[in-house]
Amino acid sequence: RRNIVMLIAKRAEGSELMNKMYKEYGCPENAIEGDPNERCILCRLCSYACEEMGTSAISAIMRGTEKRIATPYDEASAACIGCGSCAEICPTGAIEMKQTGNQRIIWDKTFELVTCSNCGKPFATSEELKYVAAKTGIDNDIKLCDSCRKRELANKLSQFSVEFE
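Residues numbered from 1 in each chain as written. Predicted model: local features only at pLDDT ≥ 70, side-chain atom pairs only at ≥ 80, totals over all residues. Heavy atoms only, no water.

1. Some details on helix α5 (residues 126–136)
Working step 1: Looking only at α5, the buried set comprises E128, L129, Y131 and A133.
Working step 2: Buried residues along α5 sit in contact with α3 (45–53), β4 (103–106), β5 (109–115) and β6 (122–125).
Working step 3: Just beyond α5, the residue with positive phi is G137, at close to 80 degrees. (Buried < 20%, exposed > 50% of the residue type's maximum accessible area, 1.4 Å probe, protein only. Helix = DSSP H or I, 4+ residues; strand = E, 2+ residues; numbered from the N terminus. Contact = heavy atoms within 4.5 Å.)

Following this line, the structure appears as C-alpha cells:
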C-alpha cells in the first residue's frame, strides 16, 4: 500500500488527501517530485459521473504518464451541461467549479444559473434543467432549489397525513 500511495502522491502532489495519506503510510520525505499544482489521481470518478448523467462531456485523454481527465481538445465541451457532478464527486478537489452570483464556470465554460422561484437562490444551469426535463419527460415549469423542493414535498405529505387521521 505504501508503494501505491507513493506513486499516486507523486502524480498528484497538490492533493491534500494524498499528502495526508503519504504521511499516514510513513512514506519517505524526499520521494515526491511531481507537479505541485496537480491534484488529479486518475480515479475517473468524474468521468463515470458525467457518463452516468448521460452527457459524457469529459473523459481520460492521452496515454501513459501524459494521461489526464479533460474535455475533447481541451476546449469547452458542447456536451457539458454545467451540472457540477464531476466536481462534487472528485475526492481530491482537482476539478474547479467557480460560482459567483448568477454564473457557474466549469471546464472553461460559463453557464448562467437559474434562480429558485421560491427563495431566489441560484441553483442550477438552464442547460441542466432542460436536459433533465428531456430525460425524464417532466416539464420543469416551477423551478425550485433542493431545499424548497423538499420543504414543498414535506408540506404536501403533512397535509396528506392530516387528511387520513
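2. A look at the sheet that holds β4
Working step 1: Strands sit in the order β3-β4-β5-β6 across an open sheet of four strands; the sheet is antiparallel. Each edge of the open sheet carries a strand with a single partner, namely β3 (97–100) and β6. Between one strand and the next, the sheet's axes are offset by a mean angle of 35 degrees, whatever the strand orientation.
Working step 2: Both β3 and β4 contribute to a ladder of four bridges, which runs antiparallel. Paired with K98 across the strands is I105, a residue of β4.
Working step 3: Against the sheet, α5 contacts β4, β5 and β6, and its axis sits at roughly 60 degrees relative to β6. (Pairing = 2+ DSSP bridges. Axes fitted to C-alpha atoms, helices over the stretch in contact; angles between N-to-C directions.)

3. Some points on the layout of surface pockets
Working step 1: Considering only enclosed or pocket space, the largest pocket measures out at about 770 Å³ in volume.
Working step 2: In terms of lining residues, the largest pocket is bounded by 31 residues, among which E38, I69, A94, I95 and W107 are the most central.
Working step 3: For the lining of the largest pocket, the elements supplying multiple residues, two or more each, are α1 (2–11), β2 (68–70), β3 and β4.
Working step 4: Ranked by the residues each element gives to the lining of the largest pocket, the list is headed by β2, at three residues.
Working step 5: Here the residues of the lining of the largest pocket sort into 14 nonpolar, four polar and 13 charged. (1 Å grid on protein atoms, 1.4 Å probe; cavity = no way out; pocket = protein on both sides within 12 Å on 5 of 7 lines; lining within 4 Å. Points joined across faces, edges and corners; volume = space filled by probe spheres on them. Nonpolar A, V, L, I, M, F, W, Y, C, P; charged D, E, K, R; others polar.)

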